[in-house]
Amino acid sequence: MTLAPGSRLGPYEITGPIGAGGMGEVYRARDSRLDRDVAIKVLPENVSTSPSAMERFGREAKAIAALSHPGILSIHDFGTEGRTAYAVTELLEGETLEDRLTHGALTPRKAVEFAVQIATALASAHERGVIHRDLKPANLFITRDGRVKILDFGLARLQSGAGGDTDGKTPEAQTQTRHTASGVVLGTAGYMSPEQVRGQTVDHRADIFALGCVMYEMLTGRRAFQRETSAEAMTAVLREDPVDPATFGRPIPQGLDRLMRRCLEKRPDDRLQSARDLAIALDAVS
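Numbering of residues starts from 1 in every chain and runs along the sequence as written. Only residues with pLDDT of 70 or above have their local features reported here, since the model is predicted, and side-chain atom pairs are shown and tallied only from 80 upward, although totals for entire chains, interfaces and linings are computed over all residues. To obtain the side-chain values, all non-hydrogen atoms of the structure were used and water was disregarded.

**What about the pairing of strand E3 (residues 24-31)?**
Next, step 1: One requirement defines pairing of two strands: DSSP has to find at least two bridges between them. Secondary structure counts use DSSP, requiring at least four H or I residues in a row for a helix and at least two E residues in a row for a strand, with both numbered from the N terminus. Here E3 runs beside strand E4 (residues 36-42); their pairing, made up of seven bridges, is antiparallel. Among the inter-strand pairings, Arg30 is bridged to a residue of E4, identified as Asp37.
Next, step 2: Where E3 hands over to E4, the hairpin turn is made up of four residues, of which Asp35 adopts a positive phi near 55°.

See the structure below:
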């Protein structure tokens, strides 16, 4: 569904498009109640037409809103207008990390700076039982003043015991950012942890693996598990280690390289066990 400028969703007046992707179309809008600009994401049809998916989204959006962390995109509101379901978030100015990396790898100093911010935000979410499960450069936004914001937390899952459930569905068919019938993000090939690829129940350590993939990409300018097909990328996640960054002429300081490899361990028990510990370790490396 495409919204024209001037159309309304509840109290929000659409002023123009921002972008579109697997998670829905995003528009710039004006909040007539608080007289401020916001971003509105129109959710996929399989979410808006499923009462159970909307109930789950509402519950999880409330959990994300309660995080109130500067490194996580703030959710202001969500609702429906006719058959259109939407989420209202803060409006950001800047670019995604994916866009930034089109210009090449980052310096180790800048990569560590961003990774510390991401790990700190993840730690805040994990401590409240919220797992992202689709962390990747396209879901990381760099504001004009250099702050990193994690996007698309609103469609994450709550860890068991935190007011949500785990799905246990096999993600082999979910080769990019796609959804099950309930609108739940399963992950993106090349960033999913081995346990996600296998369709096992995941915990916060899946996000730590994904952050390791992001760190590798920031430091080398290449994906850790880049392959010609999604199936091959998922196989590589299960069986192979990323190419040594030195191969690309991008040597990494030893301490930083060791932390990145700890994040990329195949077995969750072998990884760093918390994003908070990772942030502290990265800060020490810097």
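There is more to say, and it comes next.
**Description of the sheet that holds strand E9 (residues 140-143)**
Next, step 1: Taken in spatial order, the three strands line up as E7-E9-E10 in an open sheet, and their pairing is antiparallel. The open sheet is flanked by strand E7 (94-96) and strand E10 (148-150), the only strands paired with a single partner. Taking each pair of neighbouring strands and ignoring which way they run, the sheet shows an average axis angle of 25°.
Next, step 2: Packed on one face of the sheet, helix H4 (residues 108-126) meets E9 and E10 and runs near 35° to E10. To obtain each axis, a line is fitted to C-alpha atoms, and for helices this fit is confined to the stretch in contact; angles are then taken between N-to-C directions over 0 to 180 degrees. Should any heavy atoms of two residues lie within 4.5 Å, those residues are counted as being in contact.

**Thoughts on the packing of helix H8 (residues 254-263) against helix H9 (residues 275-285)**
Next, step 1: Viewed as axis vectors pointing N to C, H8 and H9 meet at an angle of 165°, and their least axial separation amounts to 9 Å. Taken together, the axes of H8 and H9 lie roughly antiparallel to each other. As for the relative orientation of H8 and H9, their crossing is left-handed in sense. Seen from H8, the contacting residues are Gly255, Leu256, Leu259 and Cys263; seen from H9, they are Leu278, Ala281, Leu282 and Val285.
Next, step 2: Here the nonpolar group is Ala, Val, Leu, Ile, Met, Phe, Trp, Tyr, Cys and Pro; Asp, Glu, Lys and Arg are the charged ones; every other residue, Gly included, is treated as polar. Of the residues in the contact of H8 with H9, the class split is seven nonpolar, one polar and no charged. Note on angle classes: values under 35 degrees are labelled roughly parallel, values over 145 roughly antiparallel, values of 65 to 115 roughly perpendicular, and the remainder oblique. In a left-handed crossing the near helix is turned counterclockwise from the far helix by less than a right angle, and in a right-handed crossing that turn is clockwise.

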